[in-house]
Amino acid sequence: MVNLGVLSGKKSFKTVNLSFRLPYYTQWGQSLLVCGSEPVLGSWNVKKGLLLSPFQEGGELIWSGRIGVPSGFGCEYSYYLVDDNRNVLRCEDGKKRPLKLPEGIDGGEVVELRDLWQPASETLFFRSAFKNVIFQDSWDLDSETLLLPFQKNLEPGDSVLVHFKISCPKIEKGTSVYVIGSSPRLGQWKIKDGLKLCYAGESFWQADCEIQKDEFPIKYRYCQNSQTGNTSLEMGSNRELSVGSKIPPRYICLSDGVFREMPWRGAGVAIPMFSVRSEDDLGVGEFLDLKLLVDWAVESGFHLVQLLPINDTSVHGMWWDSYPYSSLSVFALHPLYLRVQALSENVPGDIKKEILKAKEQLDGKDVDYEATMATKLSIAKKIFTLEKDSVLTSSSFEKFFSENEDWLKPYAAFCFLRDFFETSDHSQWGRFSQYSKEKLEKIVSKDSVHYDIICFHYYIQFHLHQQLSESAEYARKKRVILKGDLPIGVDRHSVDTWVYPNLFRMNTSTGAPPDYFDKSGQNWGFPTYNWEEMSKDNYAWWRARLTQMAKYFTAYRIDHILGFFRIWELPEHALTGLVGKFRPSIPLSQEELEKEGIWDFDRLSRPYIHQQILQDKFGASWMTFASIFLNEYQKNGYEFKEDCNTEKKIASKLRSHAERSLWSEGEDKIRRDLFDLLQNIVLIRDPEDSRKFYPRFNLEDTSSFKDLDDHSKNVLKRLYYDYYFYRQETLWSQNARKTLPVLLNSSDMLACGEDLGLIPSCVHPVMQELGLIGLRIQRMPSEPGLEFGIPSQYSSMTVCAPSCHDCSTLRAWWEEDEERRRRFYKTVVGSDDVPPSQCVPDVAHFILRQHVEAPSMWAILPLQDLLALKEEYTTRPAPEETINDPTNPKHYWRYRVHVNLESLLKDKELEQIISDLVHGSGRSHPSIGRAEGSKKQQVTNGQV
């Protein structure tokens, strides 16, 4: 709490003038106000807050306001940016500001609060990733008893009591904080005579100082002095405090924000959980393997381990479930990552032998998803049968169950019904298709004949929770962040869509428009969210999801963050991702189009198919295809038959058609050609409002567009660019400002956003405003006109990486395109020499060094790219190390690292190479200390 000194005296009922003052640049139509917990500040009703008034002071716009309060007044408050109707446009980040005035201030005195807006970027270090992991020692400090220099009332006279307050979230243990400055009270720039601050908890340091009025304006800075005598002076220009020519306030509280120092930078390693290999695993990485991975990370200089999603994806009961972004439940952990040996301390000998045999059989080059799942569940059921009574009645299980039963019961019931009906498609479950709490309680009843099956799912989740919690705590103690991944969608046949069908638009599908990954767009198959319905309970499902995630992780990646601005929505019957529309978006109305001279909506919104197009596609066989798939609805004009007028129907008809032997070309080629015909439209008619239209992505590429008259072409081109690049910006920005803060405030995890692909101009300003860290991949630059990104020009609020799970590894990328390799060598390396055809260690070292030396807050490097630093780890063909192929919706996610963690821990040469890269770049190093990542400034006895 703000405390302006220990002041004695009788309680005064006279009014104290409380003045707020904050520098902030606004645009026309914007204002600042203060809202707080007490009625005089609106009782947290922004409409009733104190509206501030602006004035110019030097080069700053200052907002100020004054209210009368009683002596001893206390409250919490925050600043808000509002429009003319007091609608909130932006609120400052961080915790509410506490205020407590001492009782002894005389009536009529002015207490001036000089604050700085709290930007989200400054509050990142209050997130658990830093607070509880990297800088945990700083936050473990005990608050000191405030021994302030003034133990009496401020006597009448020519002095001002100034309260200095600064946040130092990254301070080293045993360090002292001082204010030094031009005033004799501040040591006249000498640290030994400066004002020493006291620790007030929550990383804040403060002290009071009585300064004579004739000493103003004063210049000052904060500095830190460690136990070893190293002094760190904050960066930037000197701070200045003036009191003006009018009667100055007797009390000034300076909330000076965060200690200014070099931006903190750290490094991490990225690898999917399933890709990890150890001596103890059964064919796949397991949660307990994370302890070894953390050990290796520490020795290599990494503060972070990044994983792909780890939620249960057991929808189909086959290898399709290897896709980690299609959750069966956003709360349940995946049984794939269970270590069966750790289920009991008394595993019988015969089961131990079974485990050893399975370990040998499953120790393959890649993950055998189906065999591994079947083996683990089979062994787990045997151990469950032996120890279920003792485990299910234990206090630890009862605690787990009570804390998780809201999602655990529906999950267990869903798994039982999935297996009973042999499908996860809950629409096929008869009377259980519609979820209700009454039905749920019957399914999970202790009196049911299948109660053991229900309990088995409880049991598996309990042990998964214990094993992941053990590794998460181990990582925290080692000062290593575990970073999770938040998928943008859930499977349409999931627990969540069964329990909360109102939260999803089940007749739609989620995807992405054409981009770097796929020229035909992507269709992920998830239903889109019903944001309007979600908002009714303040996004409770999202808040619960993030709360659950925060039990294990202290940072997370938001998959496809664009989905919180707008989503690429496709009809449920689509297979590709091309013919979709943005949701939300402002469509083209029929009236708007008619005013532009566009009238033939049927022509523009139905597939444009005539004889010449068919001949171009199918040659001499065109009539055969026309007779099977099309009707001639007008002379030389064709339309698809009812049984094949969607992509799913076409695919189904191709698979089942009796005359498949007639196809002279492969089925894939024919399917693509038929899809091209179906997608040969210019406008997409809204299925919910026939008078609204959406321009088809890349409409200029269609023959439907090319055959239009010039006027129609010009109009539609203009409207296309308006729809995709201009008219939606405000809407999407507003949408993100509603949804993203809910995520960010649901936990204290550090949030990063995957912002690759077609990025609207509104995205990065909102991410910056909310303190979201973006992603930069060198081969996918966000800057226009660049083929390769320039890591040295990345902003601090980014994660930089040479590759990611959605693209080829560094080695594969280097080796797959000779001409691109030459361009990179010339442009980035600056050499006209012929580059090596293989990604030799020197090439990998150069590229990785670029990334660790970038200004980005985080350099997170895939493990495959790190292994390229040593030749002995590059014997495996590079393409085999790719985790995902985004162009293939049925890709098998099965990559396993070809060297186990125990061997990596013994390879001190590789550890040293990586550690030298990290340490040499100035990034923080967990095994050396925080000071390595900060630049120290030498303090002289004069003004800096």
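Calculation criteria
Residues numbered from 1 in each chain as written. Predicted model: local features only at pLDDT ≥ 70, side-chain atom pairs only at ≥ 80, totals over all residues. Heavy atoms only, no water. Helix = DSSP H or I, 4+ residues; strand = E, 2+ residues; numbered from the N terminus. Contact = heavy atoms within 4.5 Å. Areas by Shrake-Rupley, 256 points an atom, 1.4 Å probe, with all protein chains shown as cover. Lys, Arg positive; Asp, Glu negative; His and termini not counted. Charge placed at Lys NZ, Arg CZ, Asp CG, Glu CD. Core = buried A, V, L, I, M, F, W, Y, C linked by side-chain atoms within 4.5 Å. Buried < 20%, exposed > 50% of the residue type's maximum accessible area, 1.4 Å probe, protein only. Pairing = 2+ DSSP bridges. Polar contact = N/O pair within 3.5 Å; in protein donor to acceptor, adjacent residues only side chain to side chain. Phe/Tyr/Trp six-rings, centres within 6.5 Å; stacked < 30°, edge-to-face > 60°. Lys NZ or Arg CZ within 6 Å of the ring centre and 35° of its normal. Disulfide = S-S within 2.5 Å. Axes fitted to C-alpha atoms, helices over the stretch in contact; angles between N-to-C directions. Parallel < 35°, antiparallel > 145°, perpendicular 65-115°, else oblique. Left-handed = near helix turned anticlockwise from the far one by under 90°. Nonpolar A, V, L, I, M, F, W, Y, C, P; charged D, E, K, R; others polar. Salt bridge = Lys/Arg side-chain N within 4 Å of Asp/Glu carboxyl O.

Draft legend 1. Representation of the overall build of the chain. A tally of regular secondary structure across the chain gives 28 helices and 37 strands. Contacts in the chain between residues far apart in sequence, at least 24 positions, make up 73% of those at least 6 positions apart. Entry remark: accessible area of the chain is about 39900 Å², with carbon and sulfur atoms responsible for 49%. Taken as two groups, the 113 positive and 130 negative side-chain charges of the chain have centres that lie 3 Å from each other.

Draft legend 2. Just the nonpolar core, in detail. In this structure, Trp296, Phe302, Trp541, Trp542 and Tyr556 are the most contacted members of the largest nonpolar core, which totals 182 residues. Per-element accounting of this core gives the leading share, 12 residues, to helix α7 (residues 395-421). The residues touching Trp542, leaving out its near neighbours within four places in the chain, are Leu486, Tyr529, Trp531, Met534, Phe564 and Leu743.

Draft legend 3. Spatial organisation of helix α16 (residues 622-629). Those residues of α16 that fall on the buried side of the exposure criterion are Trp622, Phe625, Ala626, Ile628 and Phe629. Residues of α16 that are buried make contact with α15 (611-618), β30 (630-634), β31 (637-640), α17 (647-656) and α18 (667-678).

Draft legend 4. Molecular detail of the sheet that holds strand β24 (residues 522-523). With antiparallel pairing, 4 strands are arranged side by side in an open sheet as β24-β23-β27-β28. Looking at the sheet topology across the chains shown, the edges are occupied by β24 and β28 (581-583).

Draft legend 5. Structural context of the side chain of Gln118. Note that Gln118 resides in the loop between β9 (110-114) and α1 (120-123). In terms of polar contacts, Gln118 uses its side chain to reach the backbone carbonyl oxygen of Asp93, at 2.6 Å. Excluding its chain neighbours within four sequence positions, the residues that come into contact with Gln118 are Glu92, Asp93, Gly94, Lys95 and Arg97.

Draft legend 6. Up close: the packing of aromatic side chains. In this structure the tally under the stated criterion is 71 aromatic pairs. Where Phe126 meets Phe204, the ring centres are 6.2 Å apart and the plane angle is 35 degrees; that geometry is what we call tilted. Placement of the pair is Phe126 in the loop between α1 and α2 (128-134) and Phe204 in strand β14 (residues 204-212), with a sequence separation of 78 residues. A relative accessible area of 22% means that Phe126 is categorised as partly exposed. By relative accessible area, which is 24% here, Phe204 ends up partly exposed. Ring centres 4.9 Å apart and planes at 80 degrees place the aromatic pair Tyr723 and Tyr724 in the edge-to-face group. On the basis of relative accessible area, Tyr724 is assigned to the buried category, the value being 4%. Taken together through their ring pairs, the aromatic side chains of Trp568, Phe582, Tyr694, Phe697, Tyr720, Tyr721, Tyr723, Tyr724, Phe725 and Trp732 make up a single cluster. The ring of Tyr474 is capped by Lys291, whose NZ or CZ atom sits 5.5 Å from the centre of that ring. Residue placement shows Arg566 over the ring face of Trp732; its charged tip is 5.5 Å from the ring centre.

Draft legend 7. Focus on the state of the cysteines. Across all of its chains, the model carries 0 disulfides by this definition. Residue Cys223 stays outside any disulfide, its sulfur separated by 10 Å from that of Cys168, the closest cysteine. The buried category is assigned to Cys223, whose relative accessible area is 0%. Cys839 takes part in no disulfide bond, and the closest cysteine sulfur, belonging to Cys807, lies 13 Å away. We classify Cys839 as buried; its relative accessible area is 4%.

Draft legend 8. Spatial organisation of the sheet that holds strand β10 (residues 159-167). The mixed open sheet is built from 8 strands, whose spatial order is β4-β5-β1-β9-β18-β10-β14-β13. Two strands lie at the open edges of the sheet, namely β4 (53-57) and β13 (198-201), each paired on one side alone. Each adjacent strand pair in this sheet contributes to an overall mean axis angle of 25 degrees, direction not counted. Bridge analysis of β4 against strand β5 (residues 60-70) gives 5 bridges, and the strand direction is antiparallel. Within β5, the position partnered with Glu57 by the bridge is Glu60.

Draft legend 9. Seen up close, the pairing of strand β23 (residues 508-512). Judged by how many residues are buried, β23 sits mostly within the fold: 5 of 5 residues are covered. Across the two faces of β23 the burial is the same, with Thr508, Thr510 and Ala512 and Ser509 and Gly511 all buried. Pairing geometry for β23 and β24, over 2 bridges, is antiparallel. Among the inter-strand pairings, Gly511 is bridged to a residue of β24, identified as Asn523.

Draft legend 10. Representation of the environment of Tyr895 in the model. Structurally, Tyr895 is set in the loop between α26 (863-867) and α27 (901-906). When its relative accessible area of 2% is taken as the criterion, Tyr895 is described as buried. Taking C-alpha positions, Tyr895 is 23 Å from Gln341, a pair spaced 554 residues apart along the chain. The contacts of Tyr895, once residues within four sequence positions are left out, are Ile271, Phe274, Ser275, Asp366, Val367, Gln864, Arg876, Glu880, Glu881, Thr882 and Ile883.

Draft legend 11. Spotlight on the packing of α7 against helix α9 (residues 451-477). In contact at an axis separation of 8 Å, α7 and α9 are set at 130 degrees when each is read in the N-to-C sense. Taken together, α7 and α9 sit at an angle that is classed as oblique. For the pair α7 and α9, the sense of crossing is right-handed. Across the contact of α7 with α9, the residue classes tally to 14 nonpolar, 5 polar and 3 charged.

Draft legend 12. How the structure looks around the side chain of Thr508. Tracing the backbone shows Thr508 in strand β23. Setting aside chain neighbours within four positions, we find Thr508 in contact with Arg492, Phe526, Pro527, Thr528, Glu569, Leu570, Pro571 and Glu572.

Draft legend 13. Broad picture of the pattern of salt bridges. According to the stated counting rule, one finds 66 salt bridges in the structure shown. Between Lys170 and Glu261 there is a salt bridge, with the nearest N and O atoms lying 3.7 Å from each other. Within this pair, whereas Lys170 is found in the loop between β10 and β11 (176-181), its partner Glu261 is found in the loop between β18 (251-258) and β19 (266-270), the two being separated by 91 residues in sequence. In this pair, the class of Lys170 matches that of Glu261, namely buried. Note that Glu569 and Lys581 form a salt bridge whose closest N and O atoms lie 3.0 Å from each other. Of this pair, Glu569 sits in strand β27 (residues 567-571) while Lys581 sits in strand β28, and the two are 12 residues apart along the sequence. Lys581 carries the same exposure label as Glu569, and that label is buried. One network of salt bridges, in which partners are shared, links Arg505, Glu532, Glu569, Lys581, Arg583 and Glu688.

Draft legend 14. Molecular detail of the pairing of β31. In terms of strand pairing, β30 meets β31 through 4 bridges, oriented antiparallel. Residue pairing in the sheet places Asn631 in a bridge with Glu639 of β31. The antiparallel pairing of β30 with β31 creates a hairpin that spans 2 residues between the two strands, and Asn636 there sits at a positive phi of about 65 degrees.

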